[in-house]
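# Chain and residue survey
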Amino acid sequence: MAVSALAFENELHELELKIEQMERTPNPTPEFTDSIWKLRKECRQLLIEKYNNLTPWETVLVSRHAARPQTEEYIKMIFDEFLELHGDRAFGDDRAIRRQDAEYGEGGGGLSADGRDGGGDRRAGRGASDCGRAGGSGRRRGGGGAGEPV
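Residues numbered from 1 in each chain as written. Predicted model: local features only at pLDDT ≥ 70, side-chain atom pairs only at ≥ 80, totals over all residues. Heavy atoms only, no water.

## Remarks on the overall build of the chain
Summing up its helical and strand segments, the chain has four helices and three strands in all. N-terminal to C-terminal, the α/β element order of the chain is α-α-α-α-β-β-β. Considering only intrachain contacts with a sequence separation of at least 6, the fraction spanning at least 24 residues in the chain is 48%. Looking at the chain as shown, the accessible area adds up to about 11000 Å², and 52% of this sits on carbon and sulfur atoms. (Helix = DSSP H or I, 4+ residues; strand = E, 2+ residues; numbered from the N terminus. Contact = heavy atoms within 4.5 Å. Areas by Shrake-Rupley, 256 points an atom, 1.4 Å probe, with all protein chains shown as cover.)

## Things to note about the packing of helix 1 (residues 10-23) against helix 2 (residues 30-52)
At their nearest, the axes of helix 1 and helix 2 sit 10 Å apart, and the two run at 160° to each other. In terms of axis orientation, helix 1 runs roughly antiparallel to helix 2. Seen from above, helix 1 lies across helix 2 with left-handed handedness. Contact residues: helix 1 offers Glu 11, Leu 12, Leu 15, Glu 16, Lys 18, Ile 19, Met 22 and Glu 23, while helix 2 offers Phe 32, Ser 35, Ile 36, Leu 39, Arg 40, Glu 42, Cys 43, Leu 46, Leu 47 and Lys 50. (Axes fitted to C-alpha atoms, helices over the stretch in contact; angles between N-to-C directions. Parallel < 35°, antiparallel > 145°, perpendicular 65-115°, else oblique. Left-handed = near helix turned anticlockwise from the far one by under 90°.)

## As for the confidence of the model for the chain
Detailed reading of predicted coordinates is not advised where the pLDDT is low. Averaged over all residues, the pLDDT of the chain equals 75, while 66% of them reach at least 70. Helix 2 holds the highest mean pLDDT among the elements of the chain, 94, whereas strand 2 (residues 97-104) holds the lowest, 72. Counting interchain partners and residues more than four positions distant, the pLDDT-below-50 stretch residues 137-150 has 15 contacts. (pLDDT = per-residue confidence, 0-100.)

## Focus: the nonpolar core
If you look at the biggest cluster of nonpolar residues, it comprises eight residues: Leu 12, Leu 15, Ile 19, Met 22, Ile 36, Leu 39, Cys 43 and Leu 46. Elements supplying a minimum of two residues to this core: helix 1 and helix 2. When near neighbours in sequence (up to four residues on either side) are disregarded, Ile 19 contacts Ile 36, Leu 39, Arg 40 and Cys 43. (Core = buried A, V, L, I, M, F, W, Y, C linked by side-chain atoms within 4.5 Å. Buried < 20%, exposed > 50% of the residue type's maximum accessible area, 1.4 Å probe, protein only.)

## Side note on a negative patch on the surface
Taken together, the side chains of Asp 80, Glu 81, Glu 103 and Glu 106 present a region of like negative charge at the surface. Its place among the elements puts Glu 103 in strand 2. By relative accessible area, which is 37% here, Glu 103 ends up partly exposed. (Patch = residues over 30% accessible without salt bridge, like charges linked within 9 Å, V, L, I, M, F, W, Y side chains within 5 Å. Salt bridge = Lys/Arg side-chain N within 4 Å of Asp/Glu carboxyl O. Lys, Arg positive; Asp, Glu negative; His and termini not counted. Charge placed at Lys NZ, Arg CZ, Asp CG, Glu CD.)

## Observations concerning the pattern of salt bridges
Throughout the structure, instances matching the rule amount to two salt bridges. For Glu 11, the salt bridge is made with Lys 50, and the minimal N-O distance between the two is 3.7 Å. Here Lys 50 lies in helix 2 and Glu 11 lies in helix 1, a separation of 39 residues in the sequence. What makes Lys 50 partly exposed here is its relative accessible area of 24%. Of the charged contacts in the structure, one is a salt bridge between Arg 40 and Glu 23, with a shortest N-O distance of 2.1 Å. Of the two residues, Arg 40 sits in helix 2 while Glu 23 sits in helix 1, which places them 17 residues apart along the sequence. For Arg 40, a relative accessible area of 38% translates into the label partly exposed. Owing to a relative accessible area of 40%, Glu 23 belongs among the partly exposed residues under this scheme.

The following block contains the structure:
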């Protein structure tokens, strides 16, 4: 699936495409390889500059982007080992809410990472989280209908 560039990322996207084309060149010379390296450095600097100067609306667009990392992807990037906990052992499992026990660093310090997966492209396999809405298995009620004590 091709990731669509946001409007403020167009310049960055074009630079990345140029780098990809250059990298496909067979038998590049050392000078050509240096020019690719310089373009990568320029691309990295442009990325930092763009994201350090986002408008409030651009920040919203980034947070809603379908290809942004989700809770599980962040946890995999940060922690060496983790164990995802599922359900309440009595009723069901709510995929919108994630809890994972993880180990961090050499000393193996343990902690619990919580997150909520939301948004994303449902056709791309992120529909399991139901766009971040907790379902019935995420909140159980005692009692019957309206007006009855919970």
